[in-house]
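# Breakdown of the fold
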Amino acid sequence: MPAKRRNFPLGTTLGRRLSKTDTNPPVAVRPVVPAPKPAASRLVDSAVYTRGHRHASPATLAETYQCLHEQDDAMAWIGLYRPDADQITSLAQEFKLHSLAVEDAITAHQRPKLERYGDTLFVVLRAARYVDALEEVEFSELHLFVGHGFVITVRHGEAPDLAAVRRRMEADPQMLSRGPEAVLYAILDQVVDGYAPVVAGLENDIDEIETEVFGGDPKVSRRIYELSREVIDFQRAARPMLGVLDALSAGFVKYGTDEELQRYLRDVADHLTQVVERVDGFRHLLQNILTVNATLVSQQQNEEMRSLTAASYAQNEEIKKISSWAAILFAPTLIGTVYGMNFDHMPELHWQYGYLFAVVLMALVCGSLYLIFKRRDWL
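These numbers come from a predicted model, not from an experiment.

## So, the packing of helix H1 (residues 61-70) against helix H2 (residues 85-95)
Describing two packed helices takes the angle between their axes plus the distance from one axis to the other. Running from N to C, H1 and H2 point in directions that differ by 15 degrees, and their axes come no closer than 11 Å. Taken together, the axis directions place H1 and H2 in an arrangement best described as roughly parallel. Helix-helix and strand crossings are classified by hand; for H1 and H2 the assignment is right-handed. Taken together, the residues of H2 that come into contact with H1 (itself represented by Leu 61, Tyr 65, Leu 68 and His 69) are Gln 87, Ser 90, Leu 91, Glu 94 and Phe 95. Residues of the contact of H1 with H2, tallied by class, amount to 5 nonpolar, 3 polar and 1 charged.

## Observations regarding the packing of aromatic side chains
When we look at a pair of aromatic rings, we describe it by the centre distance and by the angle of the planes. As enumerated under the stated definition, the model contains 6 aromatic pairs in all. Summarising the aromatic geometry, the rings of Tyr 49 and Trp 77 are spaced 6.3 Å apart at their centres and angled 45 degrees between planes, so their arrangement reads as tilted. Note that Tyr 49 is positioned in strand E1 (residues 42-50) and Trp 77 in strand E3 (residues 74-81), a separation of 28 residues in sequence. Among the aromatic side chains, those forming a connected cluster through ring pairs are Tyr 65, Phe 95 and Phe 150. Above the plane of the ring of Trp 77 lies Arg 166, whose end atom (NZ or CZ) is 4.3 Å from the centre.

## Here we look at the pairing of strand E5 (residues 120-131)
When a strand is regular, its side chains alternate between the sheet's two faces. Most of E5 is tucked away, with 9 of its 12 residues classed as buried. Note that strand E4 (residues 113-117) and E5 share 5 bridges and pair antiparallel. Bridging across to E5, Arg 116 finds its partner in Leu 121. Counting the residues that bridge the hairpin from E4 to E5 gives 2 residues, and of these Gly 118 lies at a positive phi of roughly 65 degrees. Of the strand pairs in this sheet, E5 and strand E6 (residues 136-147) are connected by 11 bridges, and their pairing is antiparallel. By the bridge assignment for E6, Val 124 is matched with His 143.

The rules behind these values
- Residues numbered from 1 in each chain as written.
- Predicted model: local features only at pLDDT ≥ 70, side-chain atom pairs only at ≥ 80, totals over all residues.
- Heavy atoms only, no water.
- Axes fitted to C-alpha atoms, helices over the stretch in contact; angles between N-to-C directions.
- Helix = DSSP H or I, 4+ residues; strand = E, 2+ residues; numbered from the N terminus.
- Parallel < 35°, antiparallel > 145°, perpendicular 65-115°, else oblique.
- Left-handed = near helix turned anticlockwise from the far one by under 90°.
- Contact = heavy atoms within 4.5 Å.
- Nonpolar A, V, L, I, M, F, W, Y, C, P; charged D, E, K, R; others polar.
- Phe/Tyr/Trp six-rings, centres within 6.5 Å; stacked < 30°, edge-to-face > 60°.
- Lys NZ or Arg CZ within 6 Å of the ring centre and 35° of its normal.
- Buried < 20%, exposed > 50% of the residue type's maximum accessible area, 1.4 Å probe, protein only.
- Pairing = 2+ DSSP bridges.

Take a look at the structure:
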């Protein structure tokens, strides 16, 4: 008979914590506020497998529990998309999931990790996909509970395509019959394979940025920064998964992992290592591109400053010429003004050679100023 479900209040708490002395304790989590969900929570697919073949496709969690208890050596694979607290609590009661893992699955926003609670594995993965229309990388979160006779997947985004993983596994009953660990490794492989288009998209963006940098596009600095942020986020999604795979590898002997699955995991780890190395290279390359762009912008600014300096110098030369001619023309004006004051008692006013003297004086002053300015290269 299936285990009787206990109901917990869904106000500020989901129930009380596990007690060490309680032999059949209710599973609860600390008070949490579920993250906003853009789409309705739903049970995507639920299936019970025996010897690698789908035995039943229950429509609800309660029916899944019933089928699982009626079959010996059966495995339930339950897929959820943005589940609500009721669904998670129901699963926690049925499969004795740890309260901390349940809390993480509800709140999401976790870094990739692997934690073992007794015989149950809790795995957090970060999937990624490249959106061609926006030229952006979209990240999503995937939580897995893997235990004896069950696999629970909790998706908080569109990626990865777990329906494709299920179809592939159902097409290979021999692999599926290896149990929940086989499903875990298949999902890991799907997540890592999903990184390949992202790497290709980022590489193409970097090529475009290099062209824009040397083309003098003024907006390229912003794009370099945005792409650098995406690469850093991608690193945060992919690099911690190496630790997840290492932790799984460390438990091969202790938990008697099938040799074929061990080879499968090593292949996934090899692909992931290549992805991480390429992403690390992208980050260094973007730093170099940003440095080159800063150098080119500085050179362009220097050229503009040089042009402004040359224009200012030419303008100063013109001002010197204008000032020189103004000074030269000012001398006869000054002399003529003196002789135009028309006072009766003024020296040389009635002199016979006064006009000639004034003209010669004007010529001498103008000539002297011209020679002085010419010698100083003002003219």
